[in-house]
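Read off the chains here:
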Amino acid sequence: MSNMGDMSNWQAYGETLRSRLLLGTARYPSPAIMAEAVAASGAEVLTLALRRQSPEQLGGDSIWQHITALGCRLLPNTAGCHSAKEAVTLALMSREIFDTDWLKLEVTGDDYNLQPDPLELLDATRQLVALGFKVFAYSTDDLVICTRLRDLGCEVVMPWGAPIGTGKGLTDPYALETLRARLPDVTLVVDAGLGLPSHAARVLEMGFDAVLLNTAVARADDPVRMAAAFGKAVAAGRLAYEAGAMAESETAHPSTPVVGTPFWQTAEGDAA
């Protein structure tokens, strides 16, 4: 039997990862629950925001220290930035603080639905790649923008499933399917808008490399159990993709043998 664990490994900027679930670290009821949820999810990569997570948050201890202590790969993000200049400045700070050139790039263009600003996003990507950052670019599911990000040297593109924190799931599956088909050599991670483990499973069934989520776990009634559910859903979705789904059919086909069944009609309409 083949080793499914090996089959399911994937790479981000040359680094091999096992879990296809990336997890955010904001909005949990407590650092302890966050730590339990991370462990239950199996996630290896955690995001954290310098601008939105104060070092004095949660009981006076630095939330960054709690996150670092979990031993996962850190992916600082630029959440809260509205321009390329802001994002680049924050990125340089994050590289100094966390000693990593991995960066989840977010540049907000609309404060109502937190939609990324495509022009500022492309400008920031161009600058950050030149500065040696390994950019994970958060974008809408627009094919042209995602293609431009790839052309600028962004190896990991993160299209949204729906606006951040909505829990709506995949609002435009066709756009995501198109992205996967047209950018087969780009690492694609669906980020934002997922609310249920079934949403995550669907993403992996479509052939995406991973998902990133936060609110769906952090704001669940039981974050730890929900984190475990997402971890299992992601693994199941990837395994289903690797297994290959049956072809859809417009007509019904019996799943049990019909040989010897009385009065069964052949394709020509004659009694068998």
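Quick note: structure is the one above.
This section reports on the structure supplied with the text. What you see is a predicted model, and the numbers here were worked out from it, not measured in a lab.

Here strand 6 (residues 102-105) shows two buried faces, one formed by Trp 102 and Lys 104 and the other by Leu 103 and Leu 105. In the sheet, strand 6 pairs with strand 7 (residues 134-139) via 4 bridges, with the strands oriented parallel. Paired with Lys 104 across the bridge in strand 7 is Phe 136. Assessed by its sense of winding, the connection that carries the chain from strand 6 through helix 5 (residues 118-130) to strand 7 is right-handed.

Turning to the packing of helix 2 (residues 31-41) against helix 10 (residues 223-243), a few remarks are in order. Running from amino to carboxyl end, helix 2 crosses helix 10 at an angle of 20°, the nearest separation of the two axes being 7 Å. One element, helix 2, and the other, helix 10, form an angle in the roughly parallel class. Viewed along their axes, helix 2 and helix 10 form a crossing whose handedness is right-handed. Between helix 2, through Ile 33, Glu 36, Ala 37, Ala 40 and Ser 41, and helix 10, the contact on the second element is made entirely by Pro 223, Val 224, Ala 227, Ala 228 and Gly 231.

What follows deals with the nonpolar core. Ranked by size, the top nonpolar core spans 72 residues in total, and within it Leu 128, Val 211 and Leu 213 carry the most contacts. Ranked by the residues each element gives to this core, the list is headed by helix 4 (residues 84-98), at 6 residues. With sequence-adjacent residues up to four places away left out, Val 211 is seen in contact with Arg 20, Leu 21, Leu 22, Val 189, Val 190, Leu 194, Ala 200, Val 203, Leu 204 and Val 234.

Two aromatic rings are characterised by how far apart their centres lie and by the angle between their planes. Within this structure, the stated rule accounts for 2 aromatic pairs. For the pair Tyr 13 and Phe 136, a centre-to-centre distance of 5.5 Å together with 50° between the ring planes defines the contact as tilted. With Tyr 13 in the loop between strand 1 (10-12) and strand 2 (15-17) and Phe 136 in strand 7, the pair connects residues that are 123 residues apart, well separated along the chain. The pair Tyr 13 / Phe 136 is uniform in exposure class, with both members buried.

Analysis parameters
- Residues numbered from 1 in each chain as written.
- Predicted model: local features only at pLDDT ≥ 70, side-chain atom pairs only at ≥ 80, totals over all residues.
- Heavy atoms only, no water.
- Buried < 20%, exposed > 50% of the residue type's maximum accessible area, 1.4 Å probe, protein only.
- Helix = DSSP H or I, 4+ residues; strand = E, 2+ residues; numbered from the N terminus.
- Pairing = 2+ DSSP bridges.
- Right-handed = clockwise from strand over helix to strand, strands pointing away.
- Axes fitted to C-alpha atoms, helices over the stretch in contact; angles between N-to-C directions.
- Parallel < 35°, antiparallel > 145°, perpendicular 65-115°, else oblique.
- Left-handed = near helix turned anticlockwise from the far one by under 90°.
- Contact = heavy atoms within 4.5 Å.
- Core = buried A, V, L, I, M, F, W, Y, C linked by side-chain atoms within 4.5 Å.
- Phe/Tyr/Trp six-rings, centres within 6.5 Å; stacked < 30°, edge-to-face > 60°.

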